[in-house]
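Reading the structure
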Amino acid sequence: AQSVSQHNHHVILSEAASLELGCNYSYGGTVNLFWYVQYPGQHLQLLLKYFSGDPLVKGIKGFEAEFIKSKFSFNLRKPSVQWSDTAEYFCAVSLNDYKLSFGAGTTVTVRA
Amino acid sequence: DVKVTQSSRYLVKRTGEKVFLECVQDMDHENMFWYRQDPGLGLRLIYFSYDVKMKEKGDIPEGYSVSREKKERFSLILESASTNQTSMYLCASSYTNTEAFFGQGTRLTVV
């Protein structure tokens, strides 16, 4: 069974700091990759996705992620965070089927 | 905009009760999912369905069943609720090989 690992459980940053969240998955075949965000009290929303093509993917709100196939990784980055980026972030992976598997999530707290 | 609607935001049930959680999507998606979300564990897949009347077990199906009689509706059933099923339940839908859209969640407390 595939698994998704997120390296950090809780990250605390100051505004304007750079953010990088790690994500690794265990399956070696063709995968689709996603980052979702859950702001306090809101439902899960898609930040960005990778299906094929350019391994550097840009998403909403200034986020980007890089797919490195040799490292089975899909790390999320943002050069300069804002207080409004405080949220929980989830990495997710699907094979060429229907099942979408999630990591345990990383809580990001941005201090003003 | 895609809309995934879960019937209840908050629910309190007694141990041993049969519980129904309902989910409706308005985008004609073929795939629908039920997850539970617990702190430190992320989202864990309970069941998913890729077509009407079709279902597949996810990672933690024990104690749950599902029903999909119509394409837009996917129900999660707790046959006999237990306190360890207290959790946030999330429904999602998608086309195959596209992103999933999530409902607002149902916070279930079993007492």
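As shown above, the structure is provided for reference.
Reading guide: rules and limits
Residues numbered from 1 in each chain as written. Chains lettered and ligands numbered in written order. Predicted model: local features only at pLDDT ≥ 70, side-chain atom pairs only at ≥ 80, totals over all residues. Heavy atoms only, no water. Contact = heavy atoms within 4.5 Å. Buried area = accessible area lost by both parts, 1.4 Å probe. Salt bridge = Lys/Arg side-chain N within 4 Å of Asp/Glu carboxyl O. Helix = DSSP H or I, 4+ residues; strand = E, 2+ residues; numbered from the N terminus. Nonpolar A, V, L, I, M, F, W, Y, C, P; charged D, E, K, R; others polar. Buried < 20%, exposed > 50% of the residue type's maximum accessible area, 1.4 Å probe, protein only. Polar contact = N/O pair within 3.5 Å; in protein donor to acceptor, adjacent residues only side chain to side chain. Disulfide = S-S within 2.5 Å.

1. Comments concerning the interface of chain A and chain B
Of the residues lining the interface, 22 residues belong to chain A; the matching set on chain B comes to 22 residues. Interface area for chain A against chain B, summed over the two sides, is near 1700 Å², with a carbon-plus-sulfur share of 59%. Where chain A touches chain B, the interface holds one salt bridge. With a closest N to O distance of 2.8 Å, Lys49 of chain A and Glu99 of chain B form a salt bridge. Counting residues per element, the ones that place at least two in the side of chain A that touches chain B are β5 (32-38), β6 (45-50), β10 (87-94) and β11 (100-102) of chain A. No other element matches the four residues that β5 of chain A contributes to the side of chain A that touches chain B. Looking at the side of chain A that touches chain B residue by residue, the classes come out as 11 nonpolar, seven polar and four charged.

2. Section: the side chain of Thr106 of chain A
All names here are of chain A. Secondary-structure assignment places Thr106 in strand β12 (residues 106-111). The class for Thr106 is buried, based on a relative accessible area of 0%. Among the polar contacts made by the side chain of Thr106, one reaches the side chain of Gln6 at a distance of 3.3 Å.

3. Side note on the pattern of salt bridges
All names here are of chain A. One pass over the full model with this rule turns up 10 salt bridges over all chains. The residue Arg77 makes a salt bridge to Glu64 at a minimum N-O spacing of 3.4 Å. Linking Arg77 in strand β9 (residues 73-78) with Glu64 in strand β8 (residues 64-68), this pair joins segments that are 13 residues apart in sequence. Linked through salt bridges whose partners overlap, the residues forming this network are Lys58, Glu64, Glu66 and Arg77.

4. Quick word on the state of the cysteines
All names here are of chain A. Enumeration over the complete set of coordinates arrives at two disulfides over all chains. Note on cysteine connectivity: Cys23 is disulfide-linked to Cys91, with sulfurs 1.9 Å apart. Between Cys23 and Cys91 the disulfide shows an S-S torsion of about -65°. By sign, it is left-handed. Here Cys91 lies in strand β10 and Cys23 lies in strand β4 (residues 23-25), a separation of 68 residues in the sequence. According to the relative accessible area criterion, Cys23 is buried, its value standing at 0%.

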